[in-house]
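Residue-level structural notes
These are the residues of each chain, in order.
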Amino acid sequence: MPPMLNYSLSDALIGLFSLVVGAFFGDFLKGFAGNFWSRFGTTVRSALTPKVGTKKKDEYFNLGALETSLFLIDGNGHAQYTPQSLKAKYSDGSPESPDDISDRILRKEMQMEKEREAGNLTIWDGIGVGLQNYNILRDQHEVNLAIDLNFYKSRYAAFQAVVGAIATEDRNLQGSIYSRYLKNINPRETIPFLARHVGVVAVVATSDQKLVVVRRSSRTGMRPSQHDVSIVEGIEPTKDADLSGSWTEIDVYKTIIRGCDEELGFKPTHEQIKILGLGVDMKYYQFNFVAFIQSQVRSDEMVSKRNGRAKDAWETQVELLNFELSEVVEFIATHKMWGFAVIGLYWALLQKFTRRAVDAKANQVLTTDRIGNLQ
């Protein structure tokens, strides 16, 4: 298992430091003395806090003996973005694609058009965003997440033609997308014409300590019958845009709020949302943010709201997990799911339990003989 960042010792030392300063130097925390201790405290926190986003370039996210195809670009499960530190600009154009990719997209567009003309109204060439590039930013002491991204307009047909093909093609074939464009790249690099439909993968916790998970339909084209986390929502530029500035900006928090409203019938506040990182699953070459949401809604209310809507409105079936360490790790060990779901559940556990405890349980449960059928 790759080395994971551990906060237990640093949190304890930081807490002890804060207690001592508050008890003995409270009267001096104004003026010069206050500035001094503030600077000193920040320096101590910086020294004790693991740097975010510092995994080795050749490391993918693994948990116990469970290996995934998810490359973690940014985040460690504790630090988070804020509305001010997560900046995303959007442009209406799309990057130029090589001829073979353009041909694939054109064929998929024509196929979808024929299906709609034949009466299949579930086929819809919706709009999403592709990733042009990103720049990871840090504050002075590298303890907070910050990122700047540039998105472009992408259609669902392009997502199906590219991401869907990457997931299903024989990668050893000379003409496969993987062999031509992805085989030798560093996962931190961005290939814009392949980076289609960026979204958010979010785990929702209910007020009565349940985690919402879903089971995907056997009819869905991507990951049929597999389990997933609460919300997997693509960024939609017409719904998630912030038009208040001179540039069209994307508000990823809007994406999460919209996904929770449409899928589970509640709207979380910004304070309830923790956007914890960004990754790319190289099995699909799909980029997503990973988030955790602590809702104030009971699980029975959430399920009731969802079930009260159209029966066939979703390609997933809602299930509930007790927000307990053993149950969640056991769920990971017994259900096939993609890397984003695994890290989403892992980071959800870190909001409630220490990393040391979670990793110990993962090493105990996620052994080679237990997870062989999940690879």
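Remember, predicted model here, so these are calculated numbers, not experimental data. Each chain has its residues counted from 1, following the order in which its sequence is written. Only residues with pLDDT of 70 or above have their local features reported here, since the model is predicted, and side-chain atom pairs are shown and tallied only from 80 upward, although totals for entire chains, interfaces and linings are computed over all residues. Side-chain measures were taken over the full set of non-hydrogen atoms in the model, leaving aside hydrogen atoms and water.

**Details of the overall build of the chain**
The number of helices and strands found in the chain is ten helices and 15 strands. The buried label applies to any residue whose accessible area, calculated with a 1.4 Å probe on protein chains only, is under 20% of its type's maximum; exposed applies above 50%, and partly exposed to all values in between. Across the 375 residues of the chain, 48% fall into the buried class. Whether two residues are in contact is decided by their heavy atoms, any of which lying within 4.5 Å being enough. In the chain, of all internal contacts separated by at least 6 residues, the share reaching a separation of at least 24 is 73%. Computed by Shrake-Rupley with a 1.4 Å probe, the accessible areas treat only the displayed protein chains as cover when residues are assessed. By element, 51% of the accessible surface of the chain is carried by carbon and sulfur atoms, the whole surface being about 18100 Å². To qualify as a helix, a DSSP run of H or I must reach at least 4 residues; to qualify as a strand, a run of E must reach at least 2; elements of each kind are numbered from the N terminus.

**Structural notes on the packing of aromatic side chains**
The relation between two aromatic rings is expressed through the spacing of the ring centres and the mutual angle of the planes. A pair of aromatic rings is counted whenever rings of Phe, Tyr or Trp (Trp by its six-membered ring) have centres within 6.5 Å, and the orientation is called stacked for planes under 30 degrees apart, edge-to-face for over 60 and tilted otherwise. Overall, the coordinates contain ten aromatic pairs when judged by the stated rule. Residues Phe-292 and Phe-323 carry aromatic rings whose centres are separated by 6.2 Å and whose planes lie at 50° to one another, so their mutual orientation is tilted. Remark: Phe-323 occurs in the loop between β15 (316-322) and α8 (325-334) and Phe-292 occurs in strand β14 (residues 286-294); sequence separation between them is 31 residues. Overall, the relative accessible area of 5% leaves Phe-292 in the buried class. Looking at Phe-323, the relative accessible area reads 2%, which means it is buried. By way of ring pairs, the aromatic residues Tyr-284, Trp-338 and Phe-340 are connected into one cluster. For the cation-ring pair, Lys-352 lies above Phe-323, with the distance from its terminal atom to the ring centre recorded as 4.8 Å. Geometrically, a charge over a ring is one whose NZ (Lys) or CZ (Arg) sits within 6 Å of the ring centre while staying within 35 degrees of the ring normal.

**Let's talk about the pairing of strand β7 (residues 199-205)**
Of all the seven residues making up β7, seven are buried; the element is thus mostly covered by neighbouring parts of the structure. Alternating positions in β7 separate into two faces, Gly-199, Val-201, Val-203 and Ala-205 on one and Val-200, Ala-202 and Val-204 on the other, with burial throughout. Across four bridges, the pairing between β7 and strand β10 (residues 231-234) is antiparallel. In the sheet register, Gly-199 faces β10, and the bridge partner there is Gly-234. Note: β7 against β14, seven bridges, orientation parallel. Among the inter-strand pairings, Val-204 is bridged to a residue of β14, identified as Ile-293. Strand pairing is defined by DSSP finding a minimum of two bridges between the two strands. Strand direction decides the pairing type here: β7 and strand β8 (residues 210-216), joined by two bridges, are antiparallel. The partner of Val-204 across the bridge, within β8, is Val-212. Joining the antiparallel neighbours β7 and β8 is a turn of four residues, in which Gln-209 adopts a positive phi near 65°.

**A short note on the confidence of the model for the chain**
Residues at a pLDDT of 70 or more form 78% of the chain, whose mean pLDDT is 83. Scored between 0 and 100, pLDDT is the confidence that the predictor attaches to each residue. For the stretch residues 1-58, pLDDT sits under 50, and the model shows 76 contacts to residues farther than four places along the chain or on other chains.

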